[in-house]
Amino acid sequence: MKVEALLFGGVAVFFGAAAALYGVWSDAEPAGTAALIVAFGMAALVSFFCATQYVRRGPRPQDRTEAEVADSAGPLEFFPAHSPWPVVTALGFALAALGVVFGLWLFLIGFGVLARGVAGMVFQYASRGAGQED
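Since the structure is predicted, the reported quantities are computational estimates derived from the model, not experimental observations.

Thresholds, definitions, all that
Residues numbered from 1 in each chain as written. Predicted model: local features only at pLDDT ≥ 70, side-chain atom pairs only at ≥ 80, totals over all residues. Heavy atoms only, no water. Helix = DSSP H or I, 4+ residues; strand = E, 2+ residues; numbered from the N terminus. Rg over C-alpha atoms; globule rule 2.2 N^0.38 Å. Buried < 20%, exposed > 50% of the residue type's maximum accessible area, 1.4 Å probe, protein only. Axes fitted to C-alpha atoms, helices over the stretch in contact; angles between N-to-C directions. Parallel < 35°, antiparallel > 145°, perpendicular 65-115°, else oblique. Left-handed = near helix turned anticlockwise from the far one by under 90°. Nonpolar A, V, L, I, M, F, W, Y, C, P; charged D, E, K, R; others polar. Patch = residues over 30% accessible without salt bridge, like charges linked within 9 Å, V, L, I, M, F, W, Y side chains within 5 Å. Areas by Shrake-Rupley, 256 points an atom, 1.4 Å probe, with all protein chains shown as cover. Salt bridge = Lys/Arg side-chain N within 4 Å of Asp/Glu carboxyl O. Contact = heavy atoms within 4.5 Å. Expected span 1.5 Å × (residues − 1).

Q: Honestly, the overall build of the protein chain in this entry has me stumped. Any pointers?
A: Along its length, the protein chain carries four helices and zero strands. Walking the protein chain from its N terminus toward its C terminus, one meets helices and strands in the order α-α-α-α. The C-alpha atoms of the protein chain give a radius of gyration of 21 Å, which is well past the 14 Å a tight globule of 134 residues would have. By its C-alpha atoms, the protein chain is 60 × 55 × 20 Å across when sized along the principal axes. For the protein chain, the proportion of its 134 residues judged to be buried stands at 17%.

Q: For this particular structure, what's the right way to read the packing of helix 3 (residues 85-102) against helix 4 (residues 104-123)?
A: Two quantities define a packed helix pair, namely the angle between the axes and the distance from one axis to the other. At their nearest, the axes of helix 3 and helix 4 sit 7 Å apart, and the two run at 160° to each other. In terms of axis orientation, helix 3 runs roughly antiparallel to helix 4. Considering how the two elements wind past one another, helix 3 and helix 4 form a crossing that is left-handed. By residue class, the composition of the contact of helix 3 with helix 4 is 19 nonpolar, six polar and one charged.

Q: How do you make sense of a nonpolar patch on the surface when you look at a structure like this?
A: The grouping of Leu7, Phe8, Val11 and Val46 at the surface amounts to a nonpolar patch, some 290 Å² of accessible area in total. Of note, Phe8 is situated in helix 1 (residues 2-25).

Q: It is not clear to me how the side chain of Thr33 should be interpreted in this structure. Could you clarify?
A: Mapped onto the secondary structure, Thr33 falls in helix 2 (residues 30-57). Thr33 sits in the buried class, given a relative accessible area of 15%. Among all residues touching Thr33, those that are not within four sequence positions of it are Ala19, Tyr22, Gly23 and Ser26.

Q: Before we go on, may I ask you to explain helix 1 in this structure?
A: Working note: α-helix, 3.6 residues per turn, so residues spaced by three or four point in the same direction. A rise of 1.5 Å per residue sets the reference length of helix 1, with its 24 residues, at 34 Å; its end C-alpha atoms lie 34 Å apart and thus fit the reference within 8%. Of all the residues in helix 1, the buried ones are Ala5, Ala12, Ala19 and Gly23. Buried residues in helix 1 make contact with helix 2. Just beyond helix 1, the residue with positive phi is Asp27, at close to 55°.

Next comes the structure, spelled out in structure tokens:
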């Protein structure tokens, strides 16, 4: 993840410099400046995540130049077989979007369903202990 952190860090620096220059040269035009600042923030967030993962987990075989293909062999991460929560989340988002058109009452119902779907996805495997297989 070290290479990815450096790559996205460079992208963040580019967007930060572009936002600063664009803000000065465009006479503080707000839409373009805001878009560039958001792009800077997203690239900086990905760079921070990759750097944090590199510090926590150490170098991967892909990060070492002397690594062999067999070094990356082994068990894969946990992938869930099936889950109802993406469908619940999509339904909640659809209801919330329709609520923008038809009224606050439908938006609040949709937001509640959406919040339950997101919470279900987040905490679906919270009780799964380290090293257990499902």
